[in-house]
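If you want the building blocks of each chain, they are given just below.
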Amino acid sequence: MRKTVPLVLAATLLTGVLAACQGGGETTSATAFDPATCQGGTLSVLNQGGITHLDPARLYTSGGGNIPSLLFRTLTTRNRQPGEAGTKPAPDLATDLGTPSDGAKTWTYHLRDGIFFEDGTPITAADIKYGIERSFAPELPGGAPYLRDWLVDAAGYQGPYKQPDGIKAIETPDAKTIVFKLGKPEGDFPYLATATQFAPVPKDKDTGVDYEKHPISSGPYMVASYEQKKSLSLVRNPHWSAKSDTLRYACPDKIEVTSGLDAAVINQRLVTSAGQDANAVTTDAVVGPEQLAQLGTGSELDKRVARGEFPATTYLAFNLKKKPFDNPKVREALSYAINRTSVVNALGGSAVAGASTTFLPPQAALGYTPYDYFPAGAAGDPAKAKQVLAEAGISNLTIELAHENDDSSGLGPKVAAAVQEAFKQAGVTVTLTAIDSATYRDVTGKPATEPGLSLQYWGDDWPGGGPFLIPIFDGRQIITAGGNFNLAQYDDPAVNAEIDAINTLTDPAAAAKRWGALDAKIGKLALVIPLTHEKDVYLYGKNVKNAVPDGWRGTYDLARVSVK
Amino acid sequence: MTNPSVAPPVPPRARTVRHRLLRDRGFLTGASIALVMVVVALGAPVLAGAAGQDPSTYHDTLLDSARGGVPIGSLGGISGEHWLGVEPGTGRDLFARVIYGARVSLGVAISATVLQVLLGVVVGVAAGLGGRIADAALSRLVDLVLAVPSLVLSISLLAIVPTSWPRPALLAVVIAILGWGGTARISRGETLSLRTRDYVAAARVAGSGPWRVARREILPGLAAPVLTYAALILPSNMIAEAGLSFLGVGVRPPTPSWGQMLSTATTWFRADPMYVIIPGGLLFLTLLAFVLVATGLRRVLDPRQSEVLL
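Reading guide: rules and limits
Note that residues are indexed from 1 along each chain, following the sequence as it is written. For naming, the first written chain is A and the first written ligand is 1, with later ones following in the order written. This being a predicted model, a pLDDT of at least 70 is required before a residue's local features are given, and a value of 80 or more before pairs of side-chain atoms are given or counted; all residues contribute to the totals for chains, interfaces and linings. It is the C-beta atoms, placed from the backbone, that decide contacts: two residues are in contact if theirs lie within 7 Å. Strands here are runs of E lasting at least two residues and helices are runs of H or I lasting at least four, both read from the DSSP assignment and numbered beginning at the N terminus. Gly is placed with the polar residues, together with every amino acid not listed as nonpolar (Ala, Val, Leu, Ile, Met, Phe, Trp, Tyr, Cys and Pro) or charged (Asp, Glu, Lys and Arg). A pair of strands is treated as paired once DSSP finds two or more bridges between them. Fitted lines through C-alpha atoms give the axes, limited to the stretch in contact for helices. The angle between two N-to-C directions lies from 0 to 180 degrees. On a range of 0 to 100, pLDDT expresses the predictor's confidence in each residue. Here a residue counts as buried when 20 or more other C-beta atoms sit within 10 Å of its C-beta, as exposed when there are 12 or fewer, and as partly exposed otherwise, the C-beta atoms being derived from the backbone. Expected span of a helix: the number of residues minus one, times 1.5 Å.

**Q** Whenever I open this one, the interface of chain A and chain B confuses me. Can you help?
**A** Quite often, the size of an interface is put as the accessible area lost when its parts meet. Each partner contributes residues to the interface: chain A has 26 residues there, and chain B has 20 residues. Looking at the side of chain A that touches chain B, the elements that each hand over two or more residues are α7 (289–294), α9 (340–347), α11 (413–425) and β16 (429–435) of chain A. Counting residues per element, the side of chain A that touches chain B draws most heavily on α11(A), at 6 residues. Grouping the constituent residues of the side of chain A that touches chain B by class yields 12 nonpolar, 11 polar and 3 charged.

Written out as structure tokens, the structure reads:
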């Protein structure tokens, strides 16, 4: 996750994979939704960004993404259940979640029967191996970096175009079996296997960088036409069978994705829901204040909203290598001073953000363990902050806060101004440094250029504590070349050892408990100031049914909505 | 007039002008509104203090967080404490922000206008008096300035300068250097027509150098048209500042400006219409005031044109 997490966020936000929602807003009425009779119609997807890439090697998704998951089946996938139950993976192309052996250093999968590409060719283990190998090619950057770390001796692999011998650590003893050999125990492997890099790619159809113009589908839909960043038209894949795939309902006959629209326009179109927009959804335009003001008033719109939570935290990151943040008293004082209510309002109010005192967002699957070591209350405790500073002999503190120059990703001037005002109450002067959002992660992710204090966002690659805590607090993940997310540059051998120990666990519940305890332990050091966790509110058109947010990503699942 | 030995006699022309202006209802209305705005802008800290508010304090308790942060209460949360309500999303006092915003809007517009007039008159007079080559060169320069797409250029200029530079001063300079062409043209035209007048010729014959001619003979003659023009470009400079702040390259938050308020208001116009109406209405009122002043000045100073304008 280290190098590409800007891409995680970018790609996920763009493809709308980050979208998150909880259980609310279901349309379940007297008649239960029946996946057997939901087929028909054309679903419109109105998006701001996304569909920049369609190559399974280049997508960085959580749980296989929303749109990508219509095209690509993977070894495992998210189970698409609402709420807490939805934070678990389920077998997709494989018959089960994988069999660990050798202390979770070897993972073996068997493919199910009756799985075909869109041209009718049966999918084999070799196709999955080839798909993974392609994702190592420097020509196809962008995917999650985990496999490079995890597979034995794969870190230097340059992809099948330069090294056709492939990766030795992936074995395919027969057409239906695939075995992964890992360098160290990784209990989270079934979660990683939901990524699009685990989608099969037929070697004879691979056209390298041009493959994404028409990727060969293994899912219920295939590409009819695709214009990068603008439009994507999907039709049914005749060789996909619902018998082999009970997770995707594939209700609409056609799916038309339009990208490049303004969020306000998308939401207004969904509110109006006129014409074809009655069949419309969005995977990346969270509602704005205009719509929120109309919600909860008993209007018809209240029935057309999906609320969920994608595990993500907006926080202030200290750089401990820079004064005065090497001083724990300064960090503690600022933790007391923060006014989380202002930050929540700056992000769009309590419907779309919740105050957080923990770094882990409040999902049990991540091991959420409540703590509040520097209680700031709802509106900050400037008196306590002043007292801590005075005790430390610090007066007239002036600090710099780096933020993005626009508000679209929630790290912009609005939130920065709210933080500035809260610290001002504690007698701390904050000067704001706006950095172009396109280069923000480059600047903050390089220890040489990293500011002392910056606004940050972290979203989970899968519902587990590992992908949330490892990149931020594992001392071995400090990357001086750039792409660093351990912004505190914190390196504690005891913490690193605990991370390794938790990674050996194959029981997610046991692992979650220890991730939570680790978060609660690190929290005492005030390396970050957690601000808010994400909540997502998505509207959908009048004709859209079964728009139930899944617990993994929070937003409704395109593979399950119906417009019939 | 009073005793001439105490106060020097007002020249007859100036007296007529003042007399006529004071009878011009449009001018008087415009001038009084503009004067109030300037006084409010200058006295913003005092006024905000009188209201017991400041432009930066957040009032989270006045917002309905569940509905996106709209102010609680009618008309954007107008109350005895918050005379114009509060800003949605932050709860900052709108009255304080509006009057502090007036400082930026008026300050930038007035400084930009002064700079434009200075630059324009210098170049215009130099072109008018400077002989054929100087005239040709300077006139082409003016053409260039007039032809530059100023909005696009100012956006790029403002986007590349470091954020540490003082924003309002920078805005004034950028607006001025991209907008002095009109003043220069008018000054040049007027200079060309004045230099052929007998009294200018007489001054020359009497041995006055070009500097002296420009100062003593030309500049007084330029006062009327340039003043009128300045009153006309001032509102357009205000619009420019509002536009640039609207586009996010103007003053930096938390410094308030009307344009910036209108920009954030775009996402609130249905949920909290007052947040659009207040800064928008004030911007409109101020612009109207300056336009009234400009037309009034023109009517009085340039009777030939008065029919054309109104």
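**Q** Just checking my understanding: could you explain the sheet that holds strand β5 (residues 106–110) of chain A for this structure?
**A** Strands belonging to one sheet form pairs held by backbone hydrogen bonds; the direction of such a pair is parallel or antiparallel. Residue and element names in this part refer to chain A. Reading across the sheet, the 4 strands line up as β4-β5-β7-β6 and stay open at both edges, with antiparallel pairing between neighbours. Lying at the two open borders of the sheet, with one neighbouring strand each, are β4 (99–101) and β6 (170–174). Each adjacent strand pair in this sheet contributes to an overall mean axis angle of 20 degrees, direction not counted. Pairing analysis gives 5 bridges linking β5 to strand β7 (residues 177–181), with the strands arranged antiparallel. Looking at β7, one finds that His110 is bridged to Thr177.

**Q** Help me understand the confidence of the model for chain B in this model?
**A** Reading fine detail from the predicted coordinates is not recommended where pLDDT is low. All names here are of chain B. For chain B, the mean per-residue pLDDT works out to 85, and 92% of the residues sit at or above 70. Note that pLDDT drops below 50 for residues 1–10; the model gives that stretch 5 contacts with residues more than four away or on any other chain. The model gives residues 306–310 a pLDDT under 50, and that stretch makes 7 contacts with residues more than four places away or in other chains. Reported confidences for the modelled complex are a pTM of 0.82 and an ipTM of 0.74.

**Q** Quick question: what am I supposed to make of unusual backbone geometry here?
**A** In terms of backbone geometry, most residues other than glycine have negative phi values and most peptide bonds are trans. Residue and element names in this part refer to chain A. Of note, the amide linkage connecting Lys323 to Pro324 takes the cis form, showing an omega dihedral of 0 degrees. Despite not being glycine, Ala104 has its phi angle at roughly 70 degrees, a positive value. Although it is not a glycine, Ala526 sits at a positive phi angle of roughly 55 degrees.

**Q** I tried to follow the sheet that holds strand β10 (residues 254–258) of chain A on my own but got confused; where do I start?
**A** All names here are of chain A. Taking strand neighbours across the sheet as the criterion, the 5 strands line up as β8-β9-β10-β1-β11 in an open arrangement whose pairing is mixed. With one partner strand each, in any of the chains shown, β8 (221–227) and β11 (280–281) form the two edges of the open sheet. With 5 bridges connecting them, strand β1 (residues 42–46) and β10 associate as parallel partners. Its bridge partner lying in β10, Leu43 is registered against Ile255.

**Q** Can you walk me through the environment of B:Ala294 in this structure?
**A** All names here are of chain B. For Ala294, the position within the fold is in helix α12 (residues 274–301). According to the C-beta neighbour criterion, Ala294 is buried, with 23 such atoms within 10 Å. The spacing of Ala294 and Met37 is 257 residues in sequence and 16 Å in space, taken between C-alpha atoms. If near-sequence neighbours (up to four positions away) are discounted, Ala294 is found in contact with Thr228, Ala231 and Leu232.

**Q** Help me understand helix α8 (residues 181–195) of chain B in this model?
**A** Since the α-helix advances by 3.6 residues per turn, residues separated by three or four positions end up pointing in the same direction. Residue and element names in this part refer to chain B. Taking 1.5 Å as the rise per residue, α8 with 15 residues should run 21 Å; its terminal C-alpha atoms sit 21 Å apart, in good agreement. Every buried residue of α8 is listed here: Gly181, Thr183, Ala184, Arg185, Ser187, Arg188, Glu190, Thr191 and Leu194. Elements in contact with the buried residues of α8: α4 (94–129), α5 (131–147), α9 (198–205) and α10 (210–246).

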